[in-house]
Each structure stands twice: as C-alpha cells, then as structure tokens.
Amino acid sequence: MDNRNKIQKSSEFLVGFFAIVLSNIISFLFFTYVIPKIPEYDSGSLTEYAIIVILSYCIVFFCFYSHINLTKRSKPMEISSTLRNCLISYALLAVILLLTKNEIIESRYLYLSSFVGYCFLSLGGRFVLKRIMINRLPKSKIATMTGVITTVDYAEGFVPKLKTDWSKNVKAVALLDAQLENGVYKRSNSSVAQNGSSIVHTKEIIDSVDGVPVVANRENLMGWIRTASLDEIYINLPDGHEEEVAEYIEEIEDMGITVNVNMPSIEKILEKSKFDNLRCEVKSGIPTAVFSPAVHNQSQIFLKRIMDIAGGLIGCIISLPIILITAVPLLIESPGPLIFKQQRIGKNGRVFNMYKLRSMYVDAEERKKALLEQNKMNGFMFKIDNDPRITKVGKFIRKTSIDELPQFWNVLKGDMSLVGTRPPTVDEFEQYESHHKRRLSLKPGITGLWQVSGRSDIQDFEEVVRLDCTYIDNWSIWLDIKILIKTVVIVLTHKGAE
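To start, this report covers the structure provided alongside it.

Thoughts on the overall build of the chain
Within the chain one finds 15 helices and 15 strands. A buried classification covers 49% of the 498 residues belonging to the chain. In the chain, 73% of the contacts between residues at least 6 apart in sequence involve partners at least 24 apart. Taken as a whole, the chain presents about 25300 Å² of accessible surface, with 61% of it coming from carbon and sulfur.

Written out as structure tokens, the structure is:
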C-alpha cells in the first residue's frame with residue numbers, strides 16, 4: 001500500500017469512527033435529558049453497547065473499504081458506498097445486540113436516531129475530508145515532497161498525472177534535454193521552411209510544466225537534488241537512457257531519497273543497484289519501480305510519532321521549571337536572548353528552527369570564523385576544545401544537557417523526534433557530498449546512536465555518517481527505547497558530554 005492509500009484509509013477510518021461515536025453520544029444525551037425516552041441502563045450494559053458499536057463499525061469498514069482514489073470517486077458513488085456501510089454496520093449491530101441479549105436493543109429511539117445521525121455525519125465528514133485532501137494536503141507537512149527528472153516531450157504527459165496524486169507536493173522538474181541560456185531553460189524546435197528547401201531553428205522558453213517550475217537540466221541536475229528539500233524523485237525517460245539513469249539512481253540513493261523509475265530502464269539498473277528494497281507499482285498510469293534505501297513499517301512510524309508527542313509534552317512540562325531556574329545565572333553572566341534559535345536541516349533537506357538554551361556569548365557566530373582552523377573534527381562538523389565562546393554557565397548546562405531541553409518543543413511541533421540523527425547547520429549541509437545526505441532520510445532527533453556511542457571520542461564525520469546510517473537501516477521502536485535508556489544513563493553520569 002503506497003503513501004496515498006495509507007493516508008486515505010486511515011483518514012476515512014477516523015472520519016467514520018468519530019461519526020458513529022458522536023451520533024450515539026448525541027442521541028443518548030438528547031433522549032435522556034432533553035426528551036426522556038431512554039430508560040436508565042446500568043454501566044455494564046452501556047459499556048457492552050459501546051464495545052459492540054465500535055466492533056461493528058471496524059468489521060464493516062475493513063471488509064467493505066473502497067480503495068478507489070478520492071479524486072476518482074463521483075458524488076453518487078460516495079453517497080451510495082457511505083449509506084451502504086452505514087446500513088450494514090447497523091444491521092450487524094442489531095444482530096450482535098440480539099446475540100448478546102443486550103437490553104439496549106429495546107431502545108428504538110437510540111438505535112434509529114443514532115443511525116440517522118451516523119449517515120449524515122459520515123456523508124458530511126467524507127465530503128469535507130475529500131475537499132481537504134485534494135485542496136490542502138499537497139501543501140501540508142505530511143505531503144511527500146517530490147521532484148521529477150524527465151524530458152521535454154515526456155514531461156507534458158507525466159507531470160499533470162503525477163499532480164493528481166494529492167499525497168504528493170510536486171516541487172520542481174528537471175528537463176534533461178532543455179538548454180540553459182542566461183538563466184532561462186529553452187527547447188529547440190526545428191521546422192521546414194515554406195519553400196521546402198531549408199530548416200528553421202527556433203527556441204521556446206520553458207519555465208514550468210503544468211505550473212511546476214523547471215529548475216535543472218542535465219548539467220546541474222545533481223546540484224539541485226543535493227540541496228533541494230525532496231522526499232522522492234520520479235525518473236521518467238524514454239528507452240536508451242539506461243546507463244545514465246543507473247548513475248542517477250546510485251547517487252540519489254546515497255542521499256537517502258526514494259527513487260521511482262519508469263520500467264524501460266529497470267533490467268540493467270537492477271544489476272548495478274546496491275539496494276535491494278525494490279517494489280514495482282503503477283503510479284500516475286506509468287509502470288514504475290521504486291528503490292528505497294530502507295523500508296520501515298508504517299504502523300511503527302505512527303507509533304514513533306505517538307511516542308514523540310507523549311515524550312515531547314512530558315519533556316516540555318518537566319523542562320519549564322528547570323529552564324526558568326537556569327535562566328537567572330545564565331542571563332546575569334551573559335545578557336541577551338535566553339533561547340538560541342538556529343536554522344537546521346531536517347528530514348531530507350527540510351529547513352527548520354531548532355531551539356536551545358543559549359550557552360555561548362551573543363557574538364559566537366561571528367567569532368566562529370576565527371576558530372575554524374582549530375576544528376578537531378575531520379569533515380563537515382565543527383568542534384574545538386575549550387571553546388572560548390562558551391560561557392561558564394554554558395559549560396554547566398552543556399555538561400548536564402540542560403541546553404537541549406527546549407528541543408522538546410521541536411519534537412512536539414514535529415520538526416524533530418526524540419531519537420534520530422543530529423540535524424546539521426545550513427553551512428555544514430551545503431558542503432555535503434551525496435552519500436552524506438542519507439543520514440537525513442529520517443527525522444532528526446534530540447538523541448541518537450551517535451550520541452550514545454561516545455560522541456566526544458568520535459572525531460571523524462564519516463564515522464558519524466556510518467553510525468547514523470546504521471541507525472536508519474536497523475530502525476525499530478525497540479531500538480529507540482534502548483537509545484533513550486542509554487541517553488538517560490549518559491546524562492546522569494555526564495559520560496560523553498562536553
């Protein structure tokens with residue numbers, strides 16, 4: 001099941017679930033307190049009734065769910081399928097109530113009014129959901145940020161179809177056969193003159209394809225992908241490009257970005273690809289092979305987000321008094337902003353503001369240039385011994401990791417996770433080679449495998465990348481739990497902190 005189907009199915013499930021629950025609650029309250037028609041039932045019967053209602057709904061939903069794309073469902077189709085599911089759900093509800101001899105089966109007012117309410121709420125909810133998904137989801141944070149590599153002729157047919165998938169935000173197109181002249185992309189057209197004796201060459205400006213901007217051609221393709229915020233790439237090229245496509249896939253996979261390739265190129269690419277996570281699907285009417293550096297269980301990804309929300313909320317509550325107490329000596333020693341806000345690079349190149357308690361003097365960024373030659377890290381990270389930019393209070397809050405506490409807000413917002421890879425600064429990211437970007441293929445975290453593996457002793461950036469990629473390839477909820485436990489031990493013992 002692809003991303004679109006997962007989002008669609010889970011969203012429709014929640015809409016129907018809340019519709020049937022709300023309709024029963026409203027009916028029960030109305031005929032109990034406004035127009036008293038429902039006798040008083042004991043808590044056991046009410047609890048059993050609630051369980052049977054939810055069970056009936058779940059059985060019918062998963063047995064009769066329609067996988068047809070929302071954009072292809074007509075209004076009559078939506079109405080008929082919704083009413084059908086409502087009728088079957090309440091027929092099953094009646095049968096189970098009779099079999100369990102639940103006394104609420106005698107309450108016609110509750111049964112009939114909740115059924116009518118369920119039908120109206122389900123229909124209204126589905127039409128609202130459809131409008132939100134088609135019009136707003138492509139612009140939301142959960143949409144897949146997508147780029148396209150194709151040719152001028154192929155683009156006109158492929159890009160409009162890809163845009164109909166409301167789970168994707170098609171960001172930009174690279175046309176391999178376009179020519180870049182004075183910052184403008186053009187295509188060459190040839191035509192025979194009216195006298196039939198000569199060929200006239202003209203050039204047509206192509207700044208967009210169906211509203212999607214053209215940003216690259218063959219010459220600057222990888223430079224664009226390396227710095228762009230992209231979750232996946234679609235390569236749609238005609239026959240004869242197999243070797244070229246193979247090179248693109250190898251480099252893009254090293255960045256941790258999912259690659260979708262049209263089928264003419266698949267046989268030779270499979271022989272050379274070092275990743276074996278491959279599935280073939282039909283997307284936007286095109287037979288497509290999907291190469292993914294790591295495949296993660298989506299239910300576990302969902303559970304990870306639930307854990308992040310719970311941990312972020314608890315972390316924010318616990319952190320607030322600690323931050324307030326720390327603020328006093330910190331601001332006395334070094335007047336200025338309490339919270340240090342810095343642009344960092346998150347999942348697949350997304351830019352966000354990361355928050356920390358300020359542990360340095362206010363002019364730390366300006367003084368960094370003069371200290372670059374003292375950098376003890378081999379690679380694209382900056383770290384020096386006895387950094388003169390760090391205040392005395394700053395050394396303490398770094399040693400105790402108190403400076404990291406505001407990042408629980410980043411976790412709650414969804415920019416970061418409790419466990420992940422550390423997000424690089426913008427200037428570090430701009431120096432990345434292709435395989436370095438793969439460490440950003442999962443959401444960044446407050447802690448991670450690198451941090452619990454002796455971060456102060458690791459001075460080679462390639463080793464950091466190796467540890468981060470190991471975490472990504474072997475990720476599971478249990479691995480996150482182990483890292484969180486190790487992090488608590490390290491924080492309490494101050495081991496590995498500087």
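Once the structure has been displayed, the description carries forward.
Here's the deal with the sheet that holds strand β10 (residues 278–283)
Spatial strand order, β6-β7-β2-β1-β8-β9-β11-β10: 8 strands in an open sheet with mixed pairing. For this open sheet the edge positions go to β6 (208–209) and β10, each flanked by a neighbour on one side alone. Relative to strand β7 (residues 212–216), β6 runs antiparallel, the two being bridged by 2 bridges. For Val209, the partnering residue across the bridge sits in β7 and is Val212. Lying over the sheet, helix α7 (residues 242–254) contacts β1 (144–150), β8 (232–236), β9 (258–262) and β11 (286–291), oriented at roughly 165° with respect to β9.

Structural notes on the packing of helix α3 (residues 75–100) against helix α4 (residues 108–135)
It is the contact of α3 with α4, at a shortest axis distance of 10 Å, that shows an interaxial angle of 145°. For the element pair α3 and α4, the recorded crossing hand is right-handed. Residue composition of the contact of α3 with α4, grouped by class: 14 nonpolar, 6 polar and 4 charged.

Some remarks on helix α14 (residues 461–473)
The terminal C-alpha atoms of α14, which comprises 13 residues, lie 18 Å apart, in line with the 18 Å expected from a rise of 1.5 Å per residue. When α14 is considered as a whole, its buried residues turn out to be Phe461, Val464, Val465, Leu467, Asp468, Cys469, Tyr471 and Ile472. Of the surrounding secondary structure, the elements contacted by the buried residues of α14 are α9 (298–333), β14 (417–419) and α15 (477–493).

Focus on the packing of helix α2 (residues 43–64) against α3
Two elements in contact, α2 and α3, have axes whose closest approach is 9 Å; the angle formed by their N-to-C orientations is 135°. Taken together, the axis directions place α2 and α3 in an arrangement best described as oblique. You can see that α2 and α3 cross each other, and the crossing is right-handed. Facing Glu48, Tyr49, Ile52, Val53, Ser56, Tyr57, Ile59, Val60 and Phe64 of α2, the residues of α3 in contact are Arg84, Asn85, Ile88, Ser89, Leu92, Leu93, Ile96, Leu97 and Thr100. In terms of residue class, the contact of α2 with α3 is built from 12 nonpolar, 4 polar and 2 charged.

So, the nonpolar core
Ranked by internal contacts, the top residues of the largest apolar core, which has 43 residues, are Ile149, Trp224, Ile225, Ile233, Ile235 and Ile252. Counting residues in hydrophobic clusters, the runner-up holds 35 residues, among them Leu357, Ile402, Phe408 and Val452.

Observations regarding the pattern of salt bridges
Counting across every chain of the model gives 19 salt bridges. Residues Glu12 and Arg126 are paired through a salt bridge, measuring 3.4 Å at the closest nitrogen-oxygen approach. Residue Glu12 is located in helix α1 (residues 3–34), and its partner Arg126 is located in helix α4; the two are separated by 114 residues in the primary sequence. The buried category is assigned to Glu12, whose relative accessible area is 3%. The shortest N-O distance in the salt bridge between Asp415 and Lys413 comes to 3.4 Å. Residue Asp415 is classed as buried on the basis of its relative accessible area of 15%.

A closer look at the packing of aromatic side chains
In the structure shown here, the tally under the stated rule is 16 aromatic pairs. Their ring planes at 80° and their centres at 5.8 Å tell us that Phe17 and Phe18 sit as a pair that is edge-to-face. Pairing Phe30 with Phe31 gives two aromatic rings, centres 5.0 Å apart and planes at 85°, and the pair type is edge-to-face. The class of Phe30 is partly exposed, set by a relative accessible area of 35%. For Phe31, a relative accessible area of 13% translates into the label buried.

Observations regarding unusual backbone geometry
The backbone of Asn348 sits at a positive phi, close to 55°, despite the residue not being glycine. Note on placement: Asn348 falls in the loop between β12 (339–345) and β13 (351–357). Although it is not a glycine, Ser401 adopts a positive phi angle of roughly 65°. As for its placement among the helices and strands, Ser401 is situated in the loop between α11 (392–399) and α12 (407–413). A residue is classified by how much of its surface remains accessible, and Ser401, at 19% relative accessible area, is buried.

Here is what the cut-offs are and how they apply
Residues numbered from 1 in each chain as written. Predicted model: local features only at pLDDT ≥ 70, side-chain atom pairs only at ≥ 80, totals over all residues. Heavy atoms only, no water. Helix = DSSP H or I, 4+ residues; strand = E, 2+ residues; numbered from the N terminus. Buried < 20%, exposed > 50% of the residue type's maximum accessible area, 1.4 Å probe, protein only. Contact = heavy atoms within 4.5 Å. Areas by Shrake-Rupley, 256 points an atom, 1.4 Å probe, with all protein chains shown as cover. Pairing = 2+ DSSP bridges. Axes fitted to C-alpha atoms, helices over the stretch in contact; angles between N-to-C directions. Left-handed = near helix turned anticlockwise from the far one by under 90°. Nonpolar A, V, L, I, M, F, W, Y, C, P; charged D, E, K, R; others polar. Expected span 1.5 Å × (residues − 1). Parallel < 35°, antiparallel > 145°, perpendicular 65-115°, else oblique. Core = buried A, V, L, I, M, F, W, Y, C linked by side-chain atoms within 4.5 Å. Salt bridge = Lys/Arg side-chain N within 4 Å of Asp/Glu carboxyl O. Phe/Tyr/Trp six-rings, centres within 6.5 Å; stacked < 30°, edge-to-face > 60°.

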